[in-house]
Amino acid sequence: MLTSPADMMGRSRYSVQQEMERTRKNIVRHRRRYILYYMAWICCVFIPNASSASAAHLRQCKETDYYFQYTECDSTGSRWRVAIPLNPGACTGLPDPVQGTECTFSCKAGEFLEMSAQECTQCAAGTYSLGSGLRFDEWDDIPPGFSSLATSPDNSPNQQDASTCSSAKWVVQGSYLESNRDECTVSLIYTVHLKKPGSVSFDYQYVDNSIFFEFFIQNDQCQEMDQDSNKKWIKLTSHGEWGTHSVNLNSGTNILYWRTSRVTLGSKAAKPVLLKNIQIEGVAYTSECFPCKPGTFSRTPGSSSCEPCPRDTYSGRGASSCTPCNTKTHYASEGSAMCKSKNPCTEKDYIQNYSTCDKDGKTQVIYKWVEPKICLETAAGAVTLPPSGQREPCPPCNPGFYNNDTATCSPCPPGTYSDGVKACQPCPAGTEPVLGYEYKWWNVLPANMKTSCFNVANNNCDGLNGWEVAGDHVQSGAGRSDNDYLILTLRVPGFKLPVSVQGASGSEYGRITFEFESSCSADCEFYFMTDVNRRSTNVVESWDGSKTKQSYTHIMTENSSVAFTWAFQRTSQASDVRQYVNDMVKIYSVTVTNAMDGVASACRACALQSQKAGSSCVPCPAGHYIDKETNLCQECPPNTVLSGHHIYGKETCQPCGPGSKSNKEHSVCFSDCSFTYTDQNRTLRYDFSALTSAGSIMNGPSFTAKGTKYYHLFNISLCGAEGHKAAVCRDNVTDLPNEDAEGGQLGSSVEAFLCQSTIIPSEGRGLRTALSSQSISLADTFQGATVEKSLNGITARPELFPSPSERIPDVHFFYRSPQVTTSCQKGRNAVVSLRCNPKKTARGDISVPSECPAGTCDGCTFHFLWESSSACPRCTNVDYHAIEGACKGGVQDTVYMWTEPRLCTGGLTLPLKRTSPCEAIDFWLKVGAGLGAFCAVLLVSLTFYFWKKNKKLEYKYSKLVMTANKECELPAADSCAIMEGEGEENEEEDVVYANKPSLLAKLKTIATKGNKKSSEAVQLKFSNTEKSVWG
């Protein structure tokens, strides 16, 4: 490969620049080394020599007058230990430089390097050491070495001023750091130089997926270190829980970045990222131990960490033990640096509860102080606990449980059922128990439910209960402070379908329904979350502020163990008091279907193996229902689907919508990419096979209030694939792949007929890749395809996409997602309109309404237009016409042409040119036609001639009448004949006395409408006399 001189010169200049940069860095590195050598030389040579004259006046240096330090390591990996005076010239006799330890030398955790002897020594009590590491666990101020860099979005249409983000930064909160809440991108930066490979770890809380949280490392050349995506992007954590993230570091310079960037797509306030306990391993050595921070202590020497002080104790910095508080007047929470005085008790310091049922089946309302009790009953103005209420009968057991004359409720044995009041009874023959949980009485917390409390700063609320039972409901507890997360967890080991439907192929394995209400005066928020197979906790839905009594249902589409979690936080602001203790959420009932370890509250009919007595229940094959008369399995009719797992009766087979069919298992309706429509005795047949694979559209850009650019990506699976939902939206940031319990790789994605993701471009935010987040499903079920504007309560809006032609109607595909949200109580809907456009390709283009660039105008119904040549009907014989050519040489050609504009595709093709014989016209036929034409011309000429002649005679006749009295006075019996030609024109015509009527007389008679008899006289009327001319 030849290289041009210009390229060689360019590369040469680039090499020179690189060499100059390396030389500059070497000079800086050697300059630092020479400074230390120079200082050592000053201390060891110059000062003694320069001060030899006054040596007698200087005292001998003591160990407190100097400290030891190592020089920079040379190329051989060695270094020197030199003594550095605290006050140069104050004393004489500094120790001479000696050979130091190896550059990679370090002590173990709990030890430090004593520089005088250059040996590792244990840390004293009250201090700790990581050996070769650093730890940052105090955040009253930003520690030295840390810096914060804020940038504003530079891709906004208004190009906002960078000053809008000048105040954005990580905020210290005592025991942790808190990220910014706005849309500015803020980086926390720390630079560390490692002598050997090490690591960095930190604890964090990351609960809001509207914030992108990343951690990455750069070297001193500002080049990013190779890092897996699951190490760079931080995973979400459960509310109130701290996660730990660790990454290996290379030796040399490492620049650590913690970066947050928020995109506000809604009105909810963001939950900031919290950061604490940053620990770095791999530094050269530790020459001293670190004192324990206030509120912690280390009891024994050689400690590598400090423990928090127990409740009602405190400690100062560097403590080896904790000091108890006077619990009569003061209190202290775990890890406190001081005791706080107790205030007089108020109504906010106690809660109402119910006692457990006694042996008599009685309970009563009781009041108890909120633990830990931090108030004084004896103080002036303090309230006391109200007296307990009267004893009353305990509420009944929950359905599926029974009370065997004891104070507790026990689950019914397998194969039996109970409504919670009556004793357990076996299911009748031909039925099976309906397993699940139905909790609606809350005298005690069910055995498979746990409650806890997490405090943002201390990881827990000192073991407090987050929720309290209250008879007909369970309610959030008081906690220790207002920003605590109050947790209620229900763990389900798996799901077990009824025997009759175990062969079904439906996507629903179970569902959970709960009824709740909330009452808040602050910015409270209530979360419902799931954790499948202990992978990660995901927020399913959340509600903020006060909410009226309502129910929510979530469908499980995976047969796995799952933990359902409810979390309540009164306020997200940092707080150490209980100001909003009366803000609470109440859950009245929780119902879970098909739970593996569930109990039965009723029995349901099952499919029998035969109609013989004692026949056992058997599973029906996929797509079969239970006949009500015989209790045998029967296959559903064609193009019907089973509605969930209720298969008793033929009516459970629901018909598919228009233009759709069911799969073999009768579990889903789908379009097979064919459609037929009849209008005005014309049948249009469509073939959408070219649109089988998922289509995509990315609309935008859109901008948030702060100017961050984002796009909406929609994936559409229109038809085919036997109902398989081929549209997949992946989240590449907050829900990263991770290993499950079996070691399989699990990706985070949403599969649906139509789904949406939010895309943040890499430019403008300092990101190295585009971010895909907040993936949701917009269509889980196919309702049908039709040319009508509405179907099953879903309405298309043709006015959003004006049609240029009414000849071929649009075909609308209707979809629905039954999963309800806060803004869409009836779920989401979607309409994909297919429009015939021969100018488009077979795949065509997808667009959204110009009036609604986000694809939806109300947030719940989405509209799309898919223009394609494949959306045109298949061609038939009515779409082309024949053109016949002239007969030449006894041969005639017929060609076929498409009717323009051509609005069809595929189907019939144009017939080939057809050639047929033809006969020429006969000679005598031509002669006859010529004679006929000649006679027609002659007749027209004669008619014109006689018409002209008649006009002249009329003129002469009128002249004759006018001059009759003067020129022709004849007797009555006489006749007067006028010669033709006499008069002004002098034409030579003879006067004729004829015995037969002349042609002139006949024409004249017709012209003057005279006597129609066959007489041969023409009467001429003169004045006072009647003359006649007789023939």
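A quick note: this is a predicted structure, and the numbers were derived from the prediction, not measured.

## Considerations on the overall build of the protein
Line of reasoning, step 1. A count of helical and extended segments in the protein gives 4 helices and 77 strands.
Line of reasoning, step 2. Counting only residues that meet the buried cut, the protein has 42% of its 1031 residues in that class.
Line of reasoning, step 3. The contacts of the protein with a sequence gap of at least 6 include a subset with a gap of at least 24, amounting to 66%.
Line of reasoning, step 4. For the protein, the accessible surface area stands at approximately 54100 Å², while carbon and sulfur atoms represent 52% of it.

## What to know about the confidence of the model for the protein
Interpretation of this model should avoid reading the predicted coordinates in detail wherever pLDDT is low.
Line of reasoning, step 1. When pLDDT is averaged along the protein, the result is 79, and 79% of the positions lie at 70 or above.
Line of reasoning, step 2. For the protein, per-element mean pLDDT is lowest for strand β60 (residues 745-746), which scores 34, and highest for strand β23 (residues 323-324), which scores 95.
Line of reasoning, step 3. This model gives residues 970-996 a pLDDT under 50, and the stretch forms 38 contacts once residues within four places in sequence are excluded.

## Considering the sheet that holds strand β10 (residues 146-151)
Line of reasoning, step 1. If you walk across this open sheet you meet the 4 strands as β10-β13-β17-β15, and the pairing is antiparallel. At either margin of the open sheet sits one strand with a lone partner, and together these are β10 and β15 (211-218). Neighbouring strand axes in the sheet, compared pairwise and without regard to direction, differ in orientation by 20° on average.

## A short note on unusual backbone geometry
Line of reasoning, step 1. Across the junction of Glu-900 and Pro-901, the peptide omega takes the value -5°, indicating a cis bond.
Line of reasoning, step 2. Structurally, Pro-901 can be placed in the loop between β73 (891-898) and β74 (905-907).
Line of reasoning, step 3. Unusually for a residue other than glycine, Asn-631 sits at a positive phi of about 60°.
Line of reasoning, step 4. Of note, Asn-631 is situated in the loop between β48 (624-626) and β49 (633-635).
Line of reasoning, step 5. Positive phi, normally seen in glycine, also occurs at Cys-673, with a value near 75°.

## Quick notes on the state of the cysteines
Line of reasoning, step 1. Summed over all chains, the structure comprises 22 disulfides.
Line of reasoning, step 2. Linked covalently through their sulfurs, Cys-606 and Cys-617 form a disulfide whose S-S length is 1.9 Å. Its S-S torsion of about -60° marks the bond between Cys-606 and Cys-617 as left-handed, since a negative value means left-handed. Here Cys-606, found in the loop between β47 (599-605) and β48, pairs with Cys-617, found in the loop between β47 and β48; they are 11 residues apart in sequence, far enough to count as distant.
Line of reasoning, step 3. What makes Cys-606 buried here is its relative accessible area of 0%.
Line of reasoning, step 4. What makes Cys-617 partly exposed here is its relative accessible area of 26%.

## Focus on the packing of aromatic side chains
Line of reasoning, step 1. Under the defined criterion, the tally for this structure stands at 44 aromatic pairs.
Line of reasoning, step 2. Where Trp-543 meets Tyr-552, the ring centres are 5.4 Å apart and the plane angle is 80°; that geometry is what we call edge-to-face. For the pair Trp-543 and Tyr-552, one class covers both residues: buried.
Line of reasoning, step 3. Three or more aromatic residues joined by ring pairs form one cluster here, namely Phe-136, Trp-139, Phe-146, Tyr-190, Phe-202, Tyr-204, Tyr-206, Phe-213, Phe-215 and Trp-258.
Line of reasoning, step 4. In this structure, Lys-276 is placed above the aromatic ring of Trp-242, and the distance from its NZ or CZ to the ring centre is 4.3 Å.
Line of reasoning, step 5. It is Arg-902 that lies over the ring of Trp-898; its NZ or CZ is 4.2 Å from the centre.

## Some remarks on a nonpolar patch on the surface
Line of reasoning, step 1. A contiguous nonpolar patch, built from Phe-934, Leu-938, Leu-942, Tyr-945 and Phe-946 and spanning about 500 Å² of accessible area, is present on the exposed surface.
Line of reasoning, step 2. A relative accessible area of 40% places Leu-942 in the partly exposed class.

## Let's talk about the sheet that holds strand β3 (residues 80-85)
Line of reasoning, step 1. Here 3 strands make up an open sheet; going across it, the order is β2-β3-β5 and the pairing antiparallel. A strand with exactly one partner marks an edge of an open sheet, and here the two such strands are β2 (66-70) and β5 (98-99).
Line of reasoning, step 2. Two strands pair when backbone bridges link them, and β2 and β3 are joined in this way by 5 bridges, in the antiparallel orientation. Note on β3: the bridge partner recorded for Phe-68 is Ala-83.

## Topic: the pairing of strand β72 (residues 880-884)
Line of reasoning, step 1. As defined by bridge partners, β72 adjoins β73 across 5 bridges and the pair is classed as antiparallel. Paired with Glu-884 across the strands is Thr-894, a residue of β73.
Line of reasoning, step 2. Connecting β72 to the next strand, β73, in antiparallel fashion are 6 residues, including Gly-889 with a positive phi near 65°.

## Some points on the pattern of salt bridges
Line of reasoning, step 1. In this structure the tally under the stated criterion is 12 salt bridges.
Line of reasoning, step 2. Here Asp-672 ties to Lys-661 by a salt bridge, and the two come within 4.0 Å at their closest N and O atoms. Placement of Asp-672 in the loop between β53 (669-670) and β54 (674-679) and of Lys-661 in strand β52 (residues 661-662) is noted, with a sequence separation of 11 residues between them.

## Examining the environment of Val-831
Line of reasoning, step 1. Summarising the element assignment, Val-831 is placed in strand β68 (residues 828-836).
Line of reasoning, step 2. Setting aside its immediate chain neighbours within four residues, Val-831 contacts Ile-794, Thr-795, Ala-796, His-812, Phe-813, Phe-814, Phe-862, His-863 and Phe-864.

## Some words on the side chain of His-624
Line of reasoning, step 1. Position of His-624 among the secondary structure elements: in strand β48.
Line of reasoning, step 2. By relative accessible area, His-624 is classed as buried at 17%.
Line of reasoning, step 3. Looking at His-624, its side chain comes within polar contact range of the main-chain oxygen of Ala-622, at 3.2 Å.
Line of reasoning, step 4. Excluding anything up to four places from it in sequence, His-624 contacts Cys-633, Gln-634, Glu-635, Cys-636, Leu-642 and Ile-647.

## Section: the environment of Ala-284
Line of reasoning, step 1. Within the secondary structure, Ala-284 sits in the loop between β18 (274-281) and β19 (290-291).
Line of reasoning, step 2. Setting aside chain neighbours within four positions, we find Ala-284 in contact with Arg-79, Cys-103, Phe-105, Ser-106 and Lys-195.

## Quick notes on the environment of Leu-800
Line of reasoning, step 1. Along the chain, the position of Leu-800 falls in the loop between β66 (794-795) and β67 (811-817).
Line of reasoning, step 2. When the C-alpha atoms of Leu-800 and His-863 are compared, they prove to be 8.5 Å apart, with 63 residues separating the residues in sequence.
Line of reasoning, step 3. If we ignore the near neighbours within four places in the chain, the residues touching Leu-800 are Pro-849, Glu-851 and His-863.

## Concerning the side chain of Asn-829
Line of reasoning, step 1. Mapping Asn-829 onto the fold places it in strand β68.
Line of reasoning, step 2. Polar contacts involving the side chain of Asn-829 include one to the side chain of Arg-816, which spans 3.2 Å.
Line of reasoning, step 3. Ignoring anything within four residues of it in the chain, the contact list for Asn-829 reads Leu-778, Ile-794, Tyr-815, Arg-816, Cys-860, Thr-861 and Phe-862.

Conventions adopted
Residues numbered from 1 in each chain as written. Predicted model: local features only at pLDDT ≥ 70, side-chain atom pairs only at ≥ 80, totals over all residues. Heavy atoms only, no water. Helix = DSSP H or I, 4+ residues; strand = E, 2+ residues; numbered from the N terminus. Buried < 20%, exposed > 50% of the residue type's maximum accessible area, 1.4 Å probe, protein only. Contact = heavy atoms within 4.5 Å. Areas by Shrake-Rupley, 256 points an atom, 1.4 Å probe, with all protein chains shown as cover. pLDDT = per-residue confidence, 0-100. Pairing = 2+ DSSP bridges. Axes fitted to C-alpha atoms, helices over the stretch in contact; angles between N-to-C directions. Disulfide = S-S within 2.5 Å. Phe/Tyr/Trp six-rings, centres within 6.5 Å; stacked < 30°, edge-to-face > 60°. Lys NZ or Arg CZ within 6 Å of the ring centre and 35° of its normal. Patch = residues over 30% accessible without salt bridge, like charges linked within 9 Å, V, L, I, M, F, W, Y side chains within 5 Å. Salt bridge = Lys/Arg side-chain N within 4 Å of Asp/Glu carboxyl O. Polar contact = N/O pair within 3.5 Å; in protein donor to acceptor, adjacent residues only side chain to side chain.

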